Amino acid sequence: MVTPARYWREIPQRYRLEAGKCTTCGKTYFPPRVVCTCGAREFETVRLNDEGTLRTFTVIRVAPSQFVDEAPYVVGIVELNDGVRLTTQVVDCNAEQLQIGQKMKVEFRRIQTVGEAGILCYGYKCVPV
Amino acid sequence: MRDVAVIGIGMTKWGELWDKALRDIFVETALLAIDDAGVDHIDSMYVGCMTSGLFVGQEHLASQLADYLGLGPIPAARVESACASGGLAVKQGFLEVASGFSDIVLVSGVEKMTDVGGDQATYALGTAADQEYEGYHGITFPGLYAMIARAHMHAYGTTREQMAHVAVKNHRHGALNPLAQYPFEVTVEGVLNSTMVADPLRILDCSPITDGAAAAILCPLNMAKTITDKPIVKVTGVGHATDTIALHGREDLTVLAATAKAGEEAYAMAGKTPEDIDLVEVHDCFTIAEICVIEALGFVEKGKGGTAAESGLTALGGNIPVNVSGGLKAKGHPVGATGVAQIVEIVKQLRGDADKRQVEGARVGLAQNMGGSGGSTLVHILEVQ
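Residues numbered from 1 in each chain as written. Chains lettered and ligands numbered in written order. Predicted model: local features only at pLDDT ≥ 70, side-chain atom pairs only at ≥ 80, totals over all residues. Heavy atoms only, no water.

S.K.: When you look at the overall build of chain B in this model, what are you seeing that I'm missing?
M.R.: When helices and strands are tallied, chain B shows 14 helices and eleven strands. Here the C-alpha atoms of chain B give a radius of gyration of 19 Å, agreeing with the 21 Å that 2.2 N^0.38 yields for 385 residues. By its C-alpha atoms, chain B is 55 × 45 × 35 Å across when sized along the principal axes. Burial statistics for chain B: of 385 residues in total, 66% are counted as buried. Residue pairs in contact within chain B that sit at least 24 positions apart in sequence constitute 78% of those at least 6 positions apart. Taken as a whole, chain B presents about 12500 Å² of accessible surface, with 52% of it coming from carbon and sulfur. Within chain B, the 46 negative side-chain charges are centred at a point lying 3 Å from the centre of the 27 positive side-chain charges. (Helix = DSSP H or I, 4+ residues; strand = E, 2+ residues; numbered from the N terminus. Rg over C-alpha atoms; globule rule 2.2 N^0.38 Å. Buried < 20%, exposed > 50% of the residue type's maximum accessible area, 1.4 Å probe, protein only. Contact = heavy atoms within 4.5 Å. Areas by Shrake-Rupley, 256 points an atom, 1.4 Å probe, with all protein chains shown as cover. Lys, Arg positive; Asp, Glu negative; His and termini not counted. Charge placed at Lys NZ, Arg CZ, Asp CG, Glu CD.)

Have a look at this one:
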């Protein structure tokens, strides 16, 4: 369930693709972490590249409660050009023509509507280039 | 560490059990295991349950179940590792007996899933994925495994028909299991024409929503012979590993690294290799999962899992029978109970009590129970003494 505090604290990632880059080994984490697999604990904040490649995808036809009105919709895993992977909806596309390896671009979109008040929640989705 | 034996097993018919509450299902099953072992008390119990909070609004489950079991104020703990909760209960019970802390331990799993509607069940199961970075974007569990399936098809040429053969095989096995939720056969055409859930997976690629429980009694091996006349089954290998719970965090989307690691640990502890295993129960929550799991456990080469069901390799009577119980696909998948039910099936087989689905001469069995899209895995190897 999305609540105001939970939504608010994820804004740097969902609106601005802010990631953490290890200053020792250079590995980039999205979302940011406080410890790297190399053992280091120092990170700099970087913005992810907003272009990448579709690695796999599906068309969700049986959706969870908050997405029932959206189905069918495409969800995929997109590998951005800096190596970071996102699970994201793929929109403005013909699902029948999508292919693994296709080039993608990240865009800022509405993701879901929450609760009786219909609070709008935003974030990233991908569209074919 | 003491050697540990399984001396009792219990499982009732699984399905949509409208007339039974979670506690009823649990107690009925636990008593079967207690009676099967012939013990008059238990020292401690573990219950694997993924999310009774979301399915029936009940937490603090272990104390409630211990109370209704009527065996006094014994220590009881619920353990959770999504769909691997049952396997985790078995491991915790094993550790408690092996360490010498307790002698007779009940390990069990239970899930009551049909008190909520379909979209609520989809949501509850979805909590096993990363809520902020997978669930937020509308992914579901069939969707995650569908993405694994598409990646596997792309990388290795695995076909839609090959996945259908996994469902056909497991339903053929399940038709021989009177406790299975769906004890009937399906055809390749039936699977390929069933309703699409998350492309390329269809409804007959998916394990069902199920109410059910399973239980087993563990005790020290040297005590087992004084308690029961039944064949003694020893737990010889235990493996447990984790991976990123977000599918996108994995180097290779087709590799179940936690299963591979847990498998290696269990093989090493038991001193066995895949060639020594007579039957396997794996976590076929979706048809593609069985394909990836038999690759990770070393029963087939990486990328070659697709042909295993179609060729008969993994069928009853084949070289390495997989999911002779019917698997999650036909037997049902009450998520927290599944890992314990796999142990129940292996023990039945090793005792020679599996009737029409008996694997002839079975001496060594392996059970693999997996949480989420592969973020946790338990592997147990059991051998009859």
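That covers the picture; the talk isn't over yet.
S.K.: Sorry if this is basic, but what is going on with empty space enclosed by the protein here?
M.R.: Empty space among the atoms becomes apparent when a probe as large as a water molecule is rolled across them. All names here are of chain B. Taken as a whole, this structure holds one cavity of 30 Å³ or more when the rule is applied. Put simply, the largest cavity is a space of about 50 Å³. Residue lining of the largest cavity: M11, N177, L179, K331, A341, V344, E345, K348 and R357, and that is the complete set. Looking at the lining of the largest cavity element by element, the count peaks at four residues for helix α14 (residues 338-351). Looking at the lining of the largest cavity residue by residue, the classes come out as four nonpolar, one polar and four charged. (1 Å grid on protein atoms, 1.4 Å probe; cavity = no way out; pocket = protein on both sides within 12 Å on 5 of 7 lines; lining within 4 Å. Points joined across faces, edges and corners; volume = space filled by probe spheres on them. Nonpolar A, V, L, I, M, F, W, Y, C, P; charged D, E, K, R; others polar.)

S.K.: I would appreciate a short explanation of the interface of chain B and chain A in the present structure.
M.R.: Quite often, the size of an interface is put as the accessible area lost when its parts meet. Of the residues lining the interface, 29 residues belong to chain B; the matching set on chain A comes to 38 residues. For the pair chain B and chain A, the summed buried area comes to about 2900 Å², and 55% of that belongs to carbon and sulfur atoms. The shortest N-O distance in the salt bridge between E132(B) and R6(A) comes to 2.6 Å. Scanning the region where chain B abuts chain A turns up 18 residue pairs in polar contact (both at pLDDT 80 or more). Of all the secondary-structure elements, those providing two or more residues to the side of chain B that touches chain A are α5 (118-126), α6 (141-156) and β5 (196-198) of chain B. Tallying contributions element by element places α6(B) first for the side of chain B that touches chain A, with six residues. For the side of chain B that touches chain A, the residue count by class is twelve nonpolar, ten polar and seven charged. (Buried area = accessible area lost by both parts, 1.4 Å probe. Salt bridge = Lys/Arg side-chain N within 4 Å of Asp/Glu carboxyl O. Polar contact = N/O pair within 3.5 Å; in protein donor to acceptor, adjacent residues only side chain to side chain.)

S.K.: Where do I start with the pairing of strand β1 (residues 18-22) of chain A in this structure?
M.R.: Taken residue by residue, a regular strand's side chains alternate between the two faces of the sheet. Residue and element names in this part refer to chain A. Pairing of β1 with strand β3 (residues 43-47) involves five bridges; the strand directions are antiparallel. Bridged to E18 within β3 is R47. Where β1 and strand β2 (residues 28-29) come together, two bridges link them in antiparallel fashion. Among the inter-strand pairings, K21 is bridged to a residue of β2, identified as T28. (Pairing = 2+ DSSP bridges.)

S.K.: What exactly am I supposed to notice about the nonpolar core here?
M.R.: Nonpolar side chains in soluble globular proteins tend to end up buried together. Residues and elements named next belong to chain B. By size, the foremost hydrophobic cluster in this structure holds 72 residues, and its most contacted members are Y145, I277 and I288. Per-element tally for this core: the top contributor is α6, with eight residues. Other than its neighbours up to four places away in sequence, I277 contacts Y267, F299, I320, V364, G365, L366 and I381. M11, V105, V359 and V384 belong to the second largest nonpolar core, which has 39 residues in total. (Core = buried A, V, L, I, M, F, W, Y, C linked by side-chain atoms within 4.5 Å.)

S.K.: Just to check I follow, could you spell out helix α4 (residues 85-98) of chain B for this structure?
M.R.: Each turn of an α-helix holds 3.6 residues, which means side chains three or four residues apart point in the same direction. Residues and elements named next belong to chain B. For α4, which comprises 14 residues, the first-to-last C-alpha distance of 20 Å matches the rise-based estimate of 20 Å (1.5 Å per residue) to within 8%. Most of α4 sits inside the fold, with twelve of its 14 residues counted as buried. Three or more residues of α4 are buried, namely S85, G86, G87, L88, A89, V90, K91, G93, F94, E96, V97 and A98. Immediately beyond the C-terminal end of α4, within one or two residues, lies G100, with a positive phi of roughly 90°. (Expected span 1.5 Å × (residues − 1).)

S.K.: Looking at this model, I keep getting lost on the sheet that holds β3(A). Mind explaining?
M.R.: Sheets are built from strands paired through backbone hydrogen bonds, the pairs being either parallel or antiparallel. One open sheet accounts for three strands, arranged β2-β1-β3 (chain A); its pairing is antiparallel. Looking at strand neighbours, the two that pair on one side only are β2 and β3 of chain A, the edges of this open sheet.

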